[in-house]
Amino acid sequence: MKIKSGFLLREVAGSYIVVATGALAKDFGGVIKLNETGSFLWNKLTESADLPTLVEALTEEYDVSKEDAEKDAQGFVTMLLDAGILEK
């Protein structure tokens, strides 16, 4: 999975915001606010990563169980897929 071209993550006043650029901005019409963990996962997905890779990265970076990491990573991926931001 990988973040589609044309979506950018920016840090603004301590918040992480996803915006669409170019022609995507017209169709996307909004922003998505991410927390620190969402930003961490986003950065992993900019270079392509599968779900097991995201889970492993979460457990290495944060004090979280594998089960919680799986739930959080799956939820994040689902949100990005639903928003049309992620390509498989």
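Here, the structure is the one placed above.
1. A word on the overall build of the protein
Now for step 1: If you tally the helices and strands in the protein, you get four helices and five strands.
Now for step 2: The secondary structure elements of the protein, listed N-terminal to C-terminal, are β-β-β-α-β-α-α-α-β.
Now for step 3: Its C-alpha atoms give the protein a radius of gyration of 13 Å, within 12% of the compact-globule value 12 Å for 88 residues.
Now for step 4: Principal axes of the C-alpha set define a box for the protein whose edges measure 40 × 30 × 20 Å.

2. With respect to the pairing of strand β3 (residues 15-20)
Now for step 1: Across six bridges, strand β2 (residues 7-12) lies against β3 in antiparallel orientation. In the sheet register, arginine 10 faces β3, and the bridge partner there is isoleucine 17.
Now for step 2: In textbook terms, the turn of a hairpin is the stretch between consecutive antiparallel strands, and for β2 and β3 this stretch comprises two residues, one of which, alanine 13, has a positive phi near 50°.
Now for step 3: When β3 meets strand β4 (residues 31-34), the two strands line up antiparallel, connected through four bridges. Within β4, the position partnered with valine 19 by the bridge is valine 31.

3. Examining the environment of threonine 59
Now for step 1: Tracing the chain through its elements places threonine 59 in helix α3 (residues 51-61).
Now for step 2: Here threonine 59 falls in the partly exposed class, since its relative accessible area comes to 30%.
Now for step 3: Between the C-alpha atom of threonine 59 and that of leucine 41, which follows or precedes it by 18 residues, the distance is 12 Å.
Now for step 4: Residues in contact with threonine 59, not counting those within four places in the same chain, are Val64, Ser65, Lys66 and Ala69.

4. Thoughts on the environment of methionine 79
Now for step 1: Turning to its location among the elements, methionine 79 is positioned in helix α4 (residues 66-83).
Now for step 2: On the basis of relative accessible area, methionine 79 is assigned to the partly exposed category, the value being 29%.
Now for step 3: In contact with methionine 79, other than residues within four places in its own chain, are Ile32 and Leu34.

5. Notes on the sheet that holds β4
Where strands meet in a sheet, backbone hydrogen bonds hold them as pairs that are either parallel or antiparallel.
Now for step 1: Spatial ordering of the open sheet is given by β2-β3-β4, a layout of three strands whose pairing is antiparallel. What marks the edges here is a single partner per strand, and that holds for β2 and β4. This sheet shows a mean twist of 30° between the axes of neighbouring strands, independent of strand direction.
Now for step 2: Along the sheet, helix α2 (residues 36-45) contacts β2, β3 and β4; its crossing angle with β2, the most-contacted strand, is approximately 145°.

Parameters at a glance
Residues numbered from 1 in each chain as written. Predicted model: local features only at pLDDT ≥ 70, side-chain atom pairs only at ≥ 80, totals over all residues. Heavy atoms only, no water. Helix = DSSP H or I, 4+ residues; strand = E, 2+ residues; numbered from the N terminus. Rg over C-alpha atoms; globule rule 2.2 N^0.38 Å. Pairing = 2+ DSSP bridges. Buried < 20%, exposed > 50% of the residue type's maximum accessible area, 1.4 Å probe, protein only. Contact = heavy atoms within 4.5 Å. Axes fitted to C-alpha atoms, helices over the stretch in contact; angles between N-to-C directions.

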